[in-house]
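A look at the structure
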Amino acid sequence: ANSPVRPRVARPFSVVVAIDFGTTSSGYAFSFTEDPETIHMMRRWEGGDPGVANQKSPTCLLLTPDLRFHSFGFAARDSYHDLDPEEARHWLYFDKFKMKIHSTSDLTMETELESVSGRRVRAIEVFAHALRFFREHVLKEVKDQSSSVLEGNEVRWVITVPAVWRQPAKQFMREAAYLAGLVTPDSPDQLLIALEPEAASLYCRKLHLHQVIDLSQRPIINGLDVEGSHPFDSSFRQAREQLRRARHSRTFLVESGTGELWSEMQTGDRYIVADCGGGTVDLTVHQIEQPQGTLKELYKASGGPYGAVGVDLAFEAMLCQIFGADFIESFKAKRPAAWVDLTIAFEARKRTAAPGRANSLNISLPFSFIDFYKRHRGQSVETALRKSNMNFIKWSSQGMLRLSAEAMNQLFQPTINNIIKHVENLMQKEEVKDVRFLFLVGGFAESPMLQRAAQNALGRNCRIIIPHDVGLTILKGAVLFGLDPTVVRVRRCPLTYGVGVLNRFVEGRHPRDKLLIKDGREWCTDILDRFVSVDQSVALGEVVRRSYTPARMGQRKIIINIYCSDTDDITYITDPGVRKCGAITLDLLESGAVAASAGDNDKGSAIERREIRTTMQFGDTEIKVTAVDVATGQLVRASIDFLSN
């Protein structure tokens, strides 16, 4: 508490609102700047499942046939379920749509999403609908909690995205927020993009010892599950039970053996955060810098699309194997609401899957599935199961699919293996070799299947720590980030960025096909002028400066293409692996940097060679650019765009 205070942002925000926009579930939390210790979690939702303290809602959106917003979350789920099947085909239901942003290589404002029934709509609209919904909910709740009248510009918004997301995806989220009216494009500072594992890291750093489960304290006999003895399992179940009861009181389960963890942490001061969410797995390595307690990233963000959704996809693939992919496709198209019911039924079961569980899991098939199959295939679901030779899936007399423990294991395995493999690869890296702490966070970290696998594979090399309420870790951390975004002081660049320039042609060093003769001089084209290199450490506030000059009189804009690459051993922008990823636009018209009219032209040469000094920042969660006209000292309107590529 008595560490030196870093300068706070002078902005008069009175409340910070964080939106954790997840692949499978979303939520919000907020904090008033005069009481930053208190983080208000979103209220229970109407339509929440009874008995579950659901502080996050499913990321599902329902639009009417004429593309108007209808509902979000549980309400969208229920309304879609209640529609007449004929009608449902015309409504647009979206779920897990965030993954599309991750997987689209050429993301633009025009990228489309497909609803369950197959109708398409612009992705940016879908995101904006969801954010608008959150905005209305949040502001209502903040007003209830606040004594004073809240002006729009007093709210600082924070939206979380995976750290492995590229710049276009981050910009996409920002554009969606503008469209949803969270903030206006002319006050961009009112919206922060936070990186999910960074937010989690901030929260973990603050955690008090009694708010964690330390997996390494669990007795596991030779690291094997000895059938019949599940010390790990039963204590976990008790822990979870206690947790469920304690969820709304402020007490947490106190673990023995974690006390020294935090005193160790001060000196060990380096840790990995594995954010295992619905869609992605995101790995970040941080070091706590003493004495001020800021964070420094030790290795560039890594990870990939290995979230819990992978288990759902494996289930869908299994259904295709049994009933035929063409049948599943046509069932989705003709009975979209029933298909959604089936996936929800599976997800509920997925959450209860645990290692060492002997009994089968039952998943009820919607009546329309059974009926539709009989009509289409002329045989019963039961016959199909028998013929498929999948011996660990049976048909129960109550009309359920019975998945044996073995079947559930198989559905989880590929995704869990991917996660473990990723963490192991990261731990091989020079910068990460002797890191001794691994925090597992995100919704998927709640799964005993993943916890067990992590402990078995990684527990020998490091302490694995899981915060309680692990699904809300990112949300709480995102609020902390909004209160003080300068806390992450050093980041690593995910890519090499630069622009193409002309250099003087050197015979023997430069290839002939790059030769350009201009004003009687020999130039080499396409040389990469590097701004930053992949995995380079960049501190907050550190800048890259370049000067650019208009090529001709009266030029209104300078447009500079930005190139990027995953590797750093490149010389030319035409090298393999280099791609154009964005553009900087310097608007010369507004700042009066355009050369004066022809009348003044005799003394125009000074004006003509205007120098625009451009300053770029790569140390923040987003790439930023500003520019100034050197001659007049006036700001030049500068923008950087990664979406219209």
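Conventions adopted
- Counting starts from 1 at the beginning of each chain's written sequence and moves along it residue by residue.
- Under the rules for a predicted model, residues below a pLDDT of 70 receive no local features and side-chain atom pairs below 80 are neither given nor counted, while totals for whole chains, interfaces and linings still include all residues.
- With hydrogens and water stripped out, all remaining heavy atoms of the structure feed into the side-chain values.
- Here a strand is any run of E in DSSP of at least two residues, a helix any run of H or I of at least four, and the numbering for each starts at the N terminus.
- Type-normalised accessible area, obtained with a 1.4 Å probe on protein chains alone, sets the label of each residue: buried when under 20%, exposed when over 50%, and partly exposed for intermediate values.
- Contact between two residues is taken to exist if any of their heavy atoms lie within 4.5 Å; hydrogens are not considered.
- To be clear on the numbers: accessible area is Shrake-Rupley with a 1.4 Å probe, and residue cover counts the displayed protein chains and nothing else.
- The pLDDT value tells you how sure the predictor is about a given residue, anywhere from 0 up to 100.
- A helix is expected to span 1.5 Å multiplied by its residue count minus one.
- Think of each axis as a best-fit line through the C-alpha atoms, taken over the contacting stretch in the case of a helix, with angles from 0 to 180 degrees between the N-to-C directions.
- The labels follow the angle: roughly parallel below 35 degrees, roughly antiparallel above 145, roughly perpendicular from 65 to 115, and oblique for the rest.
- Lys, Arg, Asp and Glu make up the charged group, whereas Ala, Val, Leu, Ile, Met, Phe, Trp, Tyr, Cys and Pro make up the nonpolar group; the residues left over, Gly among them, are polar.
- Here, a salt bridge means any Lys or Arg side-chain nitrogen found within 4 Å of an Asp or Glu carboxyl oxygen.

- An unreviewed UniProt entry lists the chain under the name Heat shock protein 12B, with Cyprinus carpio given as the organism.

1. Considering the overall build of the chain
- In terms of helices and strands, the chain carries 17 helices and 31 strands.
- By the burial criterion, 54% of the 645 residues in the chain qualify as buried.
- Of the contacts made within the chain by residues no fewer than 6 positions apart, 70% connect residues no fewer than 24 positions apart.
- Accessible area for the chain stands at about 28900 Å²; split by element, carbon and sulfur atoms hold 49% of it.

2. With respect to the side chain of Thr614
- Among the secondary structure elements, Thr614 is positioned in strand S29 (residues 612-617).
- Apart from the residues lying within four places of it in its own chain, the contact partners of Thr614 are Val544, Arg545, Arg546, Tyr548, Leu586, Val625, Thr626 and Ala627.

3. Here we look at the confidence of the model for the chain
- For the chain, the average pLDDT comes to 83, and 84% of its residues sit at 70 or higher.
- Looking across the chain, the model is least confident in helix H7 (residues 231-246), with a mean pLDDT of 45, and most confident in strand S11 (residues 191-195), with 96.
- The low-confidence segment residues 219-236 (pLDDT under 50) makes 22 contacts with residues lying over four places distant or belonging to another chain.

4. Looking at helix H11 (residues 336-352)
- Here H11 is 17 residues long and its end C-alpha atoms lie 25 Å apart, about the 24 Å a rise of 1.5 Å per residue gives.
- Here H11 has its buried residues at Pro336, Ala337, Ala338, Trp339, Val340, Leu342, Thr343, Phe346, Glu347 and Lys350.

5. What about the packing of helix H6 (residues 196-206) against helix H16 (residues 473-483)?
- Running from amino to carboxyl end, H6 crosses H16 at an angle of 85 degrees, the nearest separation of the two axes being 7 Å. Put simply, H6 runs roughly perpendicular to H16. Only Thr473, Ile474, Lys476, Gly477, Ala478, Leu480 and Phe481 of H16 make contact with H6, whose side of the interface consists of Glu196, Glu198, Ala199, Ala200, Leu202, Tyr203, Cys204 and Lys206.
- For the contact of H6 with H16, the per-class residue count stands at nine nonpolar, two polar and four charged.

6. A word on the pattern of salt bridges
- Under the definition given, this model contains 30 salt bridges.
- With its nearest N and O atoms 2.7 Å apart, the salt bridge here joins Lys332 to Glu316. Here Lys332, found in helix H10 (residues 325-334), pairs with Glu316, found in helix H9 (residues 309-323); they are 16 residues apart in sequence, far enough to count as distant. Each member of the pair, Lys332 together with Glu316, is buried.
- Note that Asp326 is salt-bridged to Arg377, the shortest N-O span being 3.0 Å. One end of the pair, Asp326, is in helix H10; the other, Arg377, is in helix H12 (residues 367-377), and 51 residues separate them in sequence.
- Through salt bridges that share partners, Arg77, Lys96, Asp312, Glu347 and Lys350 make up one connected network.

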